[in-house]
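Tertiary structure, described
In case you want the letters, here they are:
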Amino acid sequence: MIEIIFKIGCLAAGILLGITALDKLDGESNFFNDIAKKLMPFTTIIGGGIIGLGIYYLLHFDHFIFNLLAIAAGILLLTHVLSQVPKIGDSLVKISKALMPFKVIVGVALLVLTVLRFLSIHPLG
């Protein structure tokens, strides 16, 4: 059950991070923009959830690349909150700023891998 919640969170994070590329795919329908607008208030919850569950599943050494992408996506979604974390907040903000140029790539890759995991196809671990 938790794995399904993790996958849904990864889908939402992939849409939020990859919206600039996904917007070009749907043309005039604004399908992805409408979904992103509904998900925007929940970015902190989605980001925190996929970081936590990504670390949890990473410790199980299962689907390594997928979990690393999920953690990176969570860090990108939580950029505004990371500075408030005691002791390691500055380091997390530096990591987030270093990942920022790859925001769309991380989002689309996470979205594609999540869809493939829902279909039970496991590329790249």
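Rules used throughout
Per chain, the residues get numbers from 1 upward, laid out in the order the sequence is written. Confidence filtering applies because this is a predicted model: local features only for residues at pLDDT of at least 70, side-chain atom pairs given and counted only at 80 or more, and all residues used for totals across whole chains, interfaces and linings. The side-chain values count all of the structure's non-hydrogen atoms but skip hydrogen atoms and water molecules. Stacked, tilted and edge-to-face pairs are distinguished by plane angle, under 30 degrees for stacked and over 60 for edge-to-face with tilted covering the rest, among Phe, Tyr and Trp rings (Trp via its six-membered ring) whose centres lie within 6.5 Å. For every residue, the accessible area (1.4 Å probe, protein chains only) is compared with the maximum for its type, and the residue is labelled buried under 20%, exposed over 50%, or partly exposed between those bounds. The criterion for a charge sitting over a ring is simple: Lys NZ or Arg CZ within 6 Å of the ring centre, and within 35 degrees of the ring normal. In this analysis a 1.4 Å probe is tested at points of a 1 Å grid over the protein atoms alone, and where it fits but cannot get out there is a cavity; an open set with protein on both sides within 12 Å along at least five of seven lines is a pocket; lining residues have an atom within 4 Å of a point. Grid points are joined across faces, edges and corners, and a volume is the space filled by probe spheres set on the points. Starting at the N terminus, helices and strands are each numbered in turn, a helix being any DSSP run of H or I of at least four residues and a strand any DSSP run of E of at least two. Residue polarity is assigned by list, with Asp, Glu, Lys and Arg as charged and Ala, Val, Leu, Ile, Met, Phe, Trp, Tyr, Cys and Pro as nonpolar; anything else, Gly included, falls into the polar class. Residue count minus one, scaled by 1.5 Å, sets the expected span of a helix. Here the arc refers to the directions that run from the helix axis out to each C-beta atom. Put simply, buried Ala, Val, Leu, Ile, Met, Phe, Trp, Tyr and Cys residues joined by side-chain atoms within 4.5 Å make one nonpolar core. Contacts are residue-level and defined by heavy atoms, with any inter-residue pair within 4.5 Å sufficient.

It is worth spelling out the packing of aromatic side chains at this point. A ring pair, where both rings are aromatic, is described by two values, the distance of the centres and the angle of the planes. Inspection of the entire model under this criterion finds four aromatic pairs. Aromatic pair Tyr56 and Tyr57: ring centres 5.1 Å apart, planes at 70 degrees, arrangement edge-to-face. Residue class for Tyr57 comes out buried when judged on its relative accessible area of 16%. An aromatic cluster of three or more residues is present, and its members are Phe6, Tyr56, Tyr57 and Phe66. A cation sits over an aromatic face here: Lys7 above Phe118, 5.4 Å from the ring centre.

Now for the layout of surface pockets. As a volume, the largest pocket reaches approximately 200 Å³. Leu16, Leu17, Ile19, Thr20, Ala36, Met40, Thr43, Leu76, Leu77, Met100, Lys103 and Val104 together form the lining of the largest pocket. Only helix H1 (2–17), helix H2 (19–26), helix H5 (64–77) and helix H8 (103–118) provide two or more residues apiece to the lining of the largest pocket. Taken together, the residues that form the lining of the largest pocket break down as nine nonpolar, two polar and one charged.

Moving on, we come to helix H4 (residues 43–58). Under the 1.5 Å per step criterion, the end-to-end length of H4 is 22 Å for 16 residues, consistent within 8% with the ideal 22 Å. Of the residues making up H4, those classed as buried are Thr43, Ile46, Gly47, Ile50, Ile51, Gly54 and Tyr57. Buried positions in H4, seen along its axis, are confined to an arc of 140 degrees and lie on one side of it.

The next point concerns the nonpolar core. The biggest cluster of nonpolar side chains holds 26 residues, and the ones touching the most others in it are Phe6, Cys10, Ala13, Ile46, Ala73, Val106 and Leu110. Elements that contribute at least two residues to this core include exactly H1, H2, helix H3 (31–39), H4, H5 and H8. For Val106, the residues in contact, after removing those within four places along its chain, are Leu17, Leu69, Ala72, Ala73 and Leu76. The next biggest cluster of nonpolar side chains, apart from the first, holds seven residues, and it includes Ile75, Leu78, Leu92 and Val93.

Bringing the environment of Gly9 into the picture now. Inspection of the secondary structure puts Gly9 in helix H1. Using a relative accessible area of 12% as the deciding quantity, one classes Gly9 as buried. Distance in space between the C-alpha atoms of Gly9 and Thr44 is 11 Å, their sequence separation being 35 residues. Not counting residues up to four positions away in its chain, the partners in contact with Gly9 are Ile46 and Ile50.

A few words on unusual backbone geometry. At Asn30, a position not held by glycine, the phi torsion is positive, near 55 degrees. What makes Asn30 partly exposed here is its relative accessible area of 34%.

Burial in H3 covers these residues: Phe32, Asn33, Ala36 and Leu39. Projected onto a plane normal to the axis of H3, the buried residues spread over an arc of 125 degrees and lie on a single side. Seen from the open side of H3, the exposed residues pointing more than 90 degrees away from its buried face are Lys37 and Lys38. Structurally, H3 contributes buried residues whose contacts are with H1, H2 and H4.

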